Amino acid sequence: MADQSTLQYTAEHEWVEVIGDVATVGITAYAADKLGDVVFVDLPAVGAAVASGSIVGEIESTKSVGELFAPLDGTVEEINDAVVDSPELVNSDPFGEGWLMKVRFGELPPLLSFEQYSELVAE
Amino acid sequence: MTEHTPAPDRFSPLHEVHVAAGASFTDFAGWQMPVRYSSDLAEHHAVRSGAALFDLSHMAEIIVAGPDAAAALDFALAGKISAIKIGQAKYSLLLSREGGIIDDVVVYRTHENRFGVVANAGNRFQAAGALAARASEFDATVVDESDQLALIAVQGPKALDVLLTVPELQLELPATELRYYWSTLGTYRGHEVMVGRTGYTGEDGFELYIANANAAQLWADLIAGGTEHGIVPAGLASRDTLRLEAGMPLYGHELGLETFPVQAGLGRVVNLTKEGDFVGRAAVEAGPVEGARVLVGLAAEGKRAGRADYAVVDADGAEVGIVTSGALSPTLGHPIAMAYVDPAVSEVGTPLFLDVRGTRVPASVIPLPFYKRETN
């Protein structure tokens, strides 16, 4: 599981872990908790170009549907097939095995720090 | 004109218990009620395979009493309430003069001349108001006791076992002898209680009506006693998927003022052979307009559920209906939905499509309910 304090975040309750020019993206525990039990995950195709802020997938729970936003511009490098087969990983390990996609990017946009995100969800 | 200020949130008498249990809350008709404690799915499966406890204290309890109480309810509701025996419960409908549904209710006959009408939280004032108005010509009084009463439901195949772990619950008719849709009065630690073998999950179960002040102790006793039977507290999220699997309508989704009972498959709930008039009778006899949509069950493959307000389309992409409730069924493992569709496509086996946010998901009409428990 990634150290949450070193991750970056978005206001859409996604986390981003940057290693080199590849960003691993998932949704936060807060978002997973709000959704309830995740039963279906739809992820973009590997190789797809994604634009920051655009909807690239869906995360469905028994009760509602959450949208997956691309947190940055780039190309989908890899998706988590395990989470497609076992969507409950989003609930059980949102910052680890429940990661959703890896995006190769050119430029990193401004994201929220752990402290900023913590303040956001505390409101 | 009436001025509307936002009503303050209402809290169940069990609110502190839920907070301590780690519940997440949701607004339901102005009430802050538990939506889940841990996992919707775990709570759903607990009801199907073991037992779970629900707090339904937001629901409305309206007492109709007096020498003409039965006659008043025969006039006020669509069913023949005078025909039920003391202790019996009956599902019924409160119709508008135009034949629409003001609320769906369960009526308990607790005494010869005393009935408890349980209404939906969101329809409390409409239901109490309509009952009072309709009873005004009869020798009967209508008293809304919703603010005084809590409601706890024990649901699941082990519900009876759980109830029997609480010896402080002394019932006039033992729970073991209580048949489905019957009820009994009794006491719990000396306080009045009414227990019905009823529910909204498709499983066996009991609903316990008790004064607010005694609810937390009863809840704690049921949890403590039920532990050996694997009881868990369950929230409204699982209650919704449970009732959907059981094909039970939810007011505001499958039922409303614009819905005729027959459209919702509830024609049998309206007793057109009972003597005397009842509110909505003429309109129901005339029936809805030709071609009015009817409620059906839909099953789809895959994992993507059609949800409320999604369109149902035919092979040409023409809209032929609207989903009123839908979910990936936790018990069956595939998406299910209830939808109002054109009569022409309402036959069981008709292939249709759900428009799931732009993707056409194949679905077919199947009989309701989606899930039926095995009974001996």
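Up top is the structure these notes are about.
Now for a description of the structure that goes with this document. (Residues numbered from 1 in each chain as written. Chains lettered and ligands numbered in written order. Predicted model: local features only at pLDDT ≥ 70, side-chain atom pairs only at ≥ 80, totals over all residues.)

**Brief notes about the interface of chain A and chain B**
1) Next: At the junction of the two partners, chain A supplies seven residues and chain B supplies 12 residues.
2) Next: Looking at the side of chain A that touches chain B residue by residue, the class counts come to two nonpolar, two polar and three charged. (Contact = placed C-beta atoms within 7 Å. Nonpolar A, V, L, I, M, F, W, Y, C, P; charged D, E, K, R; others polar.)

**Details of the pairing of strand 7 (residues 101–111) of chain B**
Residues and elements named next belong to chain B.
1) Next: Among the 11 residues that make up strand 7, nine are buried, leaving the element largely enclosed by the rest of the structure.
2) Next: With seven bridges connecting them, strand 6 (residues 89–95) and strand 7 associate as antiparallel partners. Its bridge partner being in strand 7, Ser92 is matched across the sheet by Val105.
3) Next: Connecting the antiparallel pair strand 6 and strand 7 is a turn made up of five residues, with Gly99 showing a positive phi of about 90°.
4) Next: Summarising the sheet, strand 7 and strand 8 (residues 114–119) pair through five bridges and their orientation is antiparallel. Within strand 8, the position partnered with Tyr108 by the bridge is Gly116.
5) Next: Two successive antiparallel strands, strand 7 and strand 8, enclose a turn made up of two residues. (Buried ≥ 20, exposed ≤ 12 C-beta atoms within 10 Å, placed from the backbone. Helix = DSSP H or I, 4+ residues; strand = E, 2+ residues; numbered from the N terminus. Pairing = 2+ DSSP bridges.)

**Section: the sheet that holds strand 4 (residues 38–42) of chain A**
The pairing of strands in a sheet happens through backbone hydrogen bonds and is either parallel or antiparallel.
All names here are of chain A.
1) Next: The strand order across the open sheet built from three strands is 4-6-7, with neighbouring strands paired in antiparallel fashion. At either end of the open sheet lies a strand with only one pairing partner, and these are strand 4 and strand 7 (65–69). Averaged over all pairs of adjacent strands, the angle between strand axes in this sheet comes to 20°, irrespective of strand direction.
2) Next: Judged from the five bridges that link them, strand 6 (residues 55–61) and strand 7 form a sheet pairing that is antiparallel. (Axes fitted to C-alpha atoms, helices over the stretch in contact; angles between N-to-C directions.)

**What about the sheet that holds strand 1 (residues 10–11) of chain B?**
Residues and elements named next belong to chain B.
1) Next: The strand order across the open sheet built from three strands is 1-3-2, with neighbouring strands paired in mixed fashion. Two strands bound the open sheet, and with one partner strand each, they are strand 1 and strand 2 (24–28).
2) Next: Of the strand pairs in this sheet, strand 1 and strand 3 (residues 31–36) are connected by two bridges, and their pairing is parallel. Note that in strand 3 the partner of Phe11 across the bridge is Gln32.
3) Next: Its contacts with the sheet put helix 7 (residues 236–245) on strand 2 and strand 3, and the angle it makes with strand 3 is roughly 70°.

**Some points on the packing of helix 3 (residues 69–76) of chain B against helix 4 (residues 124–135) of chain B**
Residues and elements named next belong to chain B.
1) Next: Close contact between helix 3 and helix 4 brings their axes to 9 Å; oriented N to C, the two are set at 115°. Note on packing geometry: the crossing formed by helix 3 with helix 4 is right-handed. For the pair helix 3 and helix 4, contact is made by Ala72, Phe75 and Ala76 and by Ala130, Leu131, Arg134 and Ala135, respectively.
2) Next: Classifying every residue of the contact of helix 3 with helix 4 by side-chain character gives six nonpolar, no polar and one charged. (Left-handed = near helix turned anticlockwise from the far one by under 90°.)

**So, the nonpolar core**
1) Next: With 141 residues, the main nonpolar core has Val64(B) and Leu354(B) as its most contacted residues.
2) Next: Core analysis: the second largest hydrophobic core is formed by five residues, Met33(B), Val35(B), Leu236(B) and Ala237(B) among them. (Core = buried A, V, L, I, M, F, W, Y, C linked by C-beta atoms within 7 Å.)

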